[in-house]
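Here is how the chains run, residue by residue.
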Amino acid sequence: MKITAIELLRLRVPFSAGTDTREHPAIARADDRFNAASPRHSAMESLIVQVHTDCGLTGWGEAFGHGSNPVTFAALQQVIAPMFIGLDLADREAALEAARKAVHGFGSTGPMVYGLSGIDIALWDLAAQAAGQPLWQFLGGELRELELYASLVSYGNDPAAVGYHVGRARQAGFTKVKLHETQYPAVLAARQALPASEGQLMVDVNCPWGESEACQVARDWRELGLAWLEEPVWPPDDAHALARVRRQGTRLSAGENAAGVEGIQALLDHQAVDVIQPSVAKVGGITAMLEVFKRAQRTGTNVVPHCFYFGPGLLAVAHLCTLLPADVPVEVPFIEFEALLYPELAFTPRLRLPERPGLGFAPDAQVLQRYRIDHARVG
Ligand SMILES: [Mg+2]
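Note that the structure is a prediction, hence the values are computed from the model and not measured. (Residues numbered from 1 in each chain as written. Predicted model: local features only at pLDDT ≥ 70, side-chain atom pairs only at ≥ 80, totals over all residues. Heavy atoms only, no water.)

## What about the overall build of the protein?
Now for step 1: Along its length, the protein carries 13 helices and 14 strands.
Now for step 2: Its C-alpha radius of gyration of 20 Å places the protein within 12% of the 21 Å reference for a compact globule of 379 residues.
Now for step 3: If one aligns the C-alpha atoms of the protein with their principal axes, the spans along those axes are about 60 × 45 × 40 Å.
Now for step 4: Restricting to contacts in the protein with at least 6 residues of sequence separation, those with at least 24 account for 74%.
Now for step 5: Per element, the accessible surface of the protein, about 14,800 Å² overall, is 49% carbon and sulfur. (Helix = DSSP H or I, 4+ residues; strand = E, 2+ residues; numbered from the N terminus. Rg over C-alpha atoms; globule rule 2.2 N^0.38 Å. Contact = heavy atoms within 4.5 Å. Areas by Shrake-Rupley, 256 points an atom, 1.4 Å probe, with all protein chains shown as cover.)

Here is the structure:
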């Protein structure tokens, strides 16, 4: 089976987060233009990679992401995708390794690695389809109903709004909820809306603090009993600082901004986190995720993948989670999209993966057409 063409699609689907944040621009942080969970956004993007073959099978992948999509799109169109045209699928592992080596000088993370991640996912989708197996089975996972956790957008540290939206998530059936807030009153309101006896609360602060401030927060928030405090430190890959913050008694998570598998390894080596969070569309695709799973197991570190996606990246993570313990939930953004890319994938607290070969769900062709903001074909 040979790859004949690779299509790149940027989708932009409007959503509602239950609050018209455009009426309250003051709650957006000045520095969060590229943070997908910022209250400034009213639409979410997905950069989709569609790999065509000479036998008619099509593989789907997703490359990170959001505000960096124009750059990743260019990296894919001009550098990465052409490397894979004419490739025999049987040679995919060697081809991916060769491509990683060819572009290593451009960094261990960033648009080149994001682009390769998208291709990697699509090639795994194709390989599973060629084997006639759903991806979870092809990976050696167990079919089970997956639990999803609600990843709320930021409500600008407004305690009343945060409490209200955590309540909405609970009403929808979620018992594991993550915030994107940075101030104690907002987190406390969430904890009151979701007591520790009734569910898990996580807080993603997106790297705002130096080490001493992060240590202070980790001490002050200890009583909240968070399942984890995510990325408290700037810069996000300061493993030494994270390790010291972790010793203050609040459970920590990080990993979505690590520089590939070796960046994850540095966090593991320093015992910097309780929960490691590789991101499939950033770290190097499914191949890299499997390596991270192996390494995390060696150090006894929990893995809960980062997944602020709604496209093939989300599906890839769901399949991968069948390799992890049953209580590991899949992250989904808690927003209502104007249209669903996968009509069969509702953002409800439980998800049953399809038994069809590959990623299993097919994107809605009309949604792909209607919300497409950029498109290119290579090959
Ligand atoms: Mg995060």
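## Concerning the layout of surface pockets
Now for step 1: In this structure, the largest pocket encloses a volume near 680 Å³.
Now for step 2: Around the largest pocket, the lining is made up of 30 residues, and of these Phe34, Asn35, Asn206, Glu256 and Asn257 lie nearest the centre.
Now for step 3: Split by residue class, the lining of the largest pocket holds ten nonpolar, nine polar and eleven charged.
Now for step 4: Counting contributing residues per domain, the lining of the largest pocket is built from domain 1 (3-132 + 366-378) and domain 2 (137-363), each supplying no fewer than three.
Now for step 5: Along the wall of the second largest pocket there are 18 residues; nearest its centre are Arg100, Ser108, Gly260, Val261 and Val283. (1 Å grid on protein atoms, 1.4 Å probe; cavity = no way out; pocket = protein on both sides within 12 Å on 5 of 7 lines; lining within 4 Å. Points joined across faces, edges and corners; volume = space filled by probe spheres on them. Nonpolar A, V, L, I, M, F, W, Y, C, P; charged D, E, K, R; others polar. Domains from an automatic or database assignment.)

## Description of the coordination of the magnesium ion
Now for step 1: Around the magnesium ion, the protein supplies Asp204 (OD), Glu230 (OE) and Glu256 (OE) as donor atoms, at distances of 2.0 to 2.1 Å.
Now for step 2: Written as a sequence motif, the donor arrangement for the magnesium ion is D-x25-E-x25-E. Taken as a pair, Asp204 in strand 6 (residues 200-204) and Glu230 in strand 7 (residues 228-230) lie far apart in primary sequence, 26 residues in all.
Now for step 3: Asp204 sits in the buried class, given a relative accessible area of 3%. (Donors = N, O, S within 2.8 Å, 3.2 Å for Na, K, Ca; no water. Buried < 20%, exposed > 50% of the residue type's maximum accessible area, 1.4 Å probe, protein only.)

## Things to note about the pairing of strand 6
Now for step 1: Burial analysis of strand 6 places four of its five residues in the buried class, the great majority of the element.
Now for step 2: Note that the unit made of strand 5 (residues 176-179), helix 6 (residues 184-193) and strand 6 has a crossover that is right-handed.
Now for step 3: Strand direction decides the pairing type here: strand 6 and strand 7, joined by three bridges, are parallel. If you follow Met202 over to strand 7, its bridge partner there is Trp228.
Now for step 4: One crossover worth recording links strand 6 to the parallel strand 7 by way of helix 7 (residues 211-220), and it is right-handed. (Right-handed = clockwise from strand over helix to strand, strands pointing away. Pairing = 2+ DSSP bridges.)

## Looking at the nonpolar core
Now for step 1: If you look at the biggest cluster of nonpolar residues, it comprises 110 residues, and the most contacted ones within it are Leu152, Val166, Leu179, Trp221 and Ile286.
Now for step 2: Among the elements that take part in this core, helix 12 (residues 312-321) stands out by supplying seven residues, more than any other.
Now for step 3: Phe73, Leu87, Met112 and Val378 belong to the second largest nonpolar core, which has 28 residues in total. (Core = buried A, V, L, I, M, F, W, Y, C linked by side-chain atoms within 4.5 Å.)

## Focus: unusual backbone geometry
Now for step 1: In this model, Phe64 is joined to Gly65 through a cis peptide bond whose omega is -25 degrees.
Now for step 2: Residue position: Gly65 is located in the loop between strand 3 (58-63) and helix 1 (69-80).
Now for step 3: The linkage connecting Trp234 with the following residue, Pro235, adopts the cis geometry, with an omega of -5 degrees.
Now for step 4: Even without a glycine there, the phi angle at His66 is positive, about 50 degrees.
Now for step 5: Of note in the backbone geometry, Asn157 takes a positive phi value of approximately 65 degrees without being a glycine.
Now for step 6: As for its placement among the helices and strands, Asn157 is situated in the loop between strand 4 (145-151) and helix 5 (159-171).
Now for step 7: The buried category is assigned to Asn157, whose relative accessible area is 16%.

## A few points about the domain arrangement of the protein
Now for step 1: Assigned domains of the protein: these are domain 1 (3-132 + 366-378) and domain 2 (137-363).
Now for step 2: Centre-to-centre separation of domain 1 and domain 2, based on C-alpha positions: 20 Å.
Now for step 3: If you look at the interface, domain 1 gives 45 residues, while domain 2 gives 44 residues.
Now for step 4: Counting the surface lost from both domain 1 and domain 2, the interface buries some 3,700 Å², and carbon and sulfur atoms represent 68% of this.
Now for step 5: Considering only the side of domain 1, the residues that lose the most area to domain 2 are Met44, Glu62 and Trp124, jointly responsible for 16% of the buried surface there.
Now for step 6: Linking domain 1 to domain 2 there are one salt bridge.
Now for step 7: When residues of the side of domain 1 that touches domain 2 are assigned to their parent elements, the largest contribution, eleven residues, is made by helix 3 (residues 111-131).
Now for step 8: Looking at the side of domain 1 that touches domain 2 residue by residue, the class counts come to 25 nonpolar, twelve polar and eight charged. (Buried area = accessible area lost by both parts, 1.4 Å probe. Salt bridge = Lys/Arg side-chain N within 4 Å of Asp/Glu carboxyl O.)

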